[in-house]
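Structural description and commentary
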Amino acid sequence: MTKYETICFEIRNRIIKREYPIDQPIPDEISLAKEFKCSRMTMKRALDILVVEGLLYRKRGHGTFIVQSAIQDSRVNVIRNEGLTNLITDKKVTSKVIKFEVQFPSEEVAAHLAIDNKTPIYNIIRLRLVDGEPYVMEKTYMPTTIVPGINDEILHGSIYGYITNSLGLTIAGSHRKIRACKSDDLDQEHLACLADDPILEVEHVGFLNNGLPFEYSFSRHRYDKFEVTMVNMKR
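So, here is what we can say about the structure in this document. (Residues numbered from 1 in each chain as written. Predicted model: local features only at pLDDT ≥ 70, side-chain atom pairs only at ≥ 80, totals over all residues. Heavy atoms only, no water.)

1. Let's talk about unusual backbone geometry
So the rule is basically this: What counts as a helix is a DSSP run of H or I of at least four residues, what counts as a strand is a run of E of at least two, and both are numbered from the N terminus. Buried means the residue's accessible area, taken with a 1.4 Å probe over protein chains only, is under 20% of the maximum for its type, while exposed means over 50%, and partly exposed covers the values in between.
Phi at K37 takes a positive value of approximately 55 degrees, unusual for a residue other than glycine. Along the chain, K37 falls in the loop between α2 (29-36) and α3 (40-52). Classification of K37 as exposed rests on a relative accessible area of 72%. Unusually for a residue other than glycine, A114 sits at a positive phi of about 55 degrees. As for its placement among the helices and strands, A114 is situated in the loop between α5 (107-113) and β5 (121-130). For A114, a relative accessible area of 59% puts it in the exposed group.

Given below as structure tokens:
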């Protein structure tokens, strides 16, 4: 990660862990820049990310404050382009592998991953649990040529951690569509949903910093464990 991304990650964890008082401004940019031994511009860039994520807001003349509604303990905020392991740092995140195959993609999957239908992909279905409670079902397609070496050990941990730490790739961004769906048999079996419970599905295409798509996925969330934060800032 870059310096500002590392700082952003640390401050985000402090916010989630309530290390800063929620009714007072966090330390100012100059103080934080001294603490993290970086320039004020680097610190501003790190804080800008957290403002866009909806974790912080700036009040002119008063400082930078935590958005209290954004740090609920019971829900996942999916605005950030990170895996669940990084989104929830104060609880135990585990995985149950439901399906793991290498196959050739359908035309739809190949189009979203910008590959041809002769390029092999992983077809992965994982149930993600937080402190033993089912949170989200992930249906993921990844080209084996871009993300080689995925195995059972990685599937039970953090795929994003493997991509960034072991493969040395940089995840740059994503396109997402969010929709409401009816629960299907797989949801009802693994997410402990009732037949009439709604599911919130996130269709996701993730990109590396070289512009290549590395992931096409569908995350199916329990309605009571999911939220989206949007921030509208006037300049």
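2. Let's talk about the side chain of R126
Defined as follows: Whenever two N or O atoms come within 3.5 Å, that pair is a polar contact, provided that in protein one can donate a hydrogen and the other can accept it, and provided that, for residues adjacent in sequence, both atoms are side-chain atoms. Residues are treated as being in contact if the distance between any of their heavy atoms lies within 4.5 Å.
If you trace the backbone, R126 turns up in strand β5. A polar atom in the side chain of R126 sits 3.5 Å from the side chain of S95. Once residues within four sequence positions are removed from consideration, R126 is found in contact with S95, K96, V136, M137, E138, I154, L155, G157 and I159.

3. Remarks on α2
Quick reminder of the rule: Arc, as used here, means the arc of the directions from the helix axis to the C-beta atoms.
Within α2, the full set of buried residues consists of E29, L32, A33 and F36. The buried residues of α2 occupy one face: seen down the axis, they fall within an arc of 105 degrees. Check the buried side of α2 and you find it contacts α1 (3-16), α3 and β1 (56-59). Structurally, the start of α2 carries an N-cap: the backbone nitrogen of I30 is 3.0 Å from a side-chain oxygen of D28.

4. Some remarks on the packing of α2 against α3
Note the cut-off: Fitted lines through C-alpha atoms serve as axes, helices being fitted only where they are in contact, and the angles separating the N-to-C directions of these axes extend from 0 to 180 degrees. Throughout this description, any angle smaller than 35 degrees is read as roughly parallel, any larger than 145 degrees as roughly antiparallel, any in the 65 to 115 degree range as roughly perpendicular, and the remainder as oblique. For this scheme, ten residues count as nonpolar: Ala, Val, Leu, Ile, Met, Phe, Trp, Tyr, Cys and Pro. Four count as charged, namely Asp, Glu, Lys and Arg, and the remainder, Gly too, count as polar.
Packing of α2 against α3 brings their axes to within 9 Å, and their N-to-C directions diverge by 105 degrees. Relative to α3, the element α2 lies roughly perpendicular. On α3, the residues touching E29, I30, L32, A33 and F36 of α2 are R40, M43, K44 and L47. Along the lines of polarity and charge, the residues of the contact of α2 with α3 split into 6 nonpolar, no polar and 3 charged.

5. Structural notes on the pattern of salt bridges
Formally: Here, a salt bridge means any Lys or Arg side-chain nitrogen found within 4 Å of an Asp or Glu carboxyl oxygen.
If you walk through the whole model with that rule in mind, you get 16 salt bridges. For the salt bridge of E133 with R222, the shortest nitrogen-to-oxygen distance reads 3.5 Å. With E133 in strand β6 (residues 133-143) and R222 in strand β9 (residues 213-222), this residue pair connects regions lying 89 residues apart in the sequence. Exposure remark for R222: the relative accessible area of 12% places this residue in the buried category. Salt-bridge contacts for R179 lead to E203; the nearest nitrogen and oxygen are separated by 2.6 Å. One end of the pair, R179, is in strand β7 (residues 171-182); the other, E203, is in strand β8 (residues 198-208), and 24 residues separate them in sequence. Using a relative accessible area of 29% as the deciding quantity, one classes R179 as partly exposed. A relative accessible area of 10% means that E203 is categorised as buried. Residues participating in the shared-partner salt-bridge network are K139, R179, D184, D187, E201, E203 and R220.

6. Topic: the packing of aromatic side chains
Spelled out, the test is: Aromatic contacts are taken between Phe, Tyr and Trp rings whose centres are within 6.5 Å, Trp giving its six-membered ring; a plane angle under 30 degrees counts as stacked, one over 60 as edge-to-face, and the others as tilted.
Overall, the coordinates contain 5 aromatic pairs when judged by the stated rule. Ring centres 5.9 Å apart and planes at 25 degrees place the aromatic pair F100 and Y122 in the stacked group. On the criterion of sequence distance, the pair formed by F100 in strand β4 (residues 93-103) and Y122 in strand β5 is long-range, its members being 22 residues apart. The class of F100 is partly exposed, set by a relative accessible area of 33%.

7. Things to note about the sheet that holds β9
Test applied: Note on pairing: DSSP must find at least two bridges between two strands before they are called paired.
Taken in spatial order, the 6 strands make up an open sheet running β4-β5-β6-β9-β8-β7, and their pairing is antiparallel. Edge positions in the open sheet fall to β4 and β7, since each of these has one partner strand only. Taking the axes of each pair of neighbouring strands and ignoring which way they run, one obtains an average angle of 15 degrees across the sheet. The pairing of β7 with β8 spans 11 bridges and is classified as antiparallel. Bridge assignment links I171 to a residue of β8, and that residue is L208.

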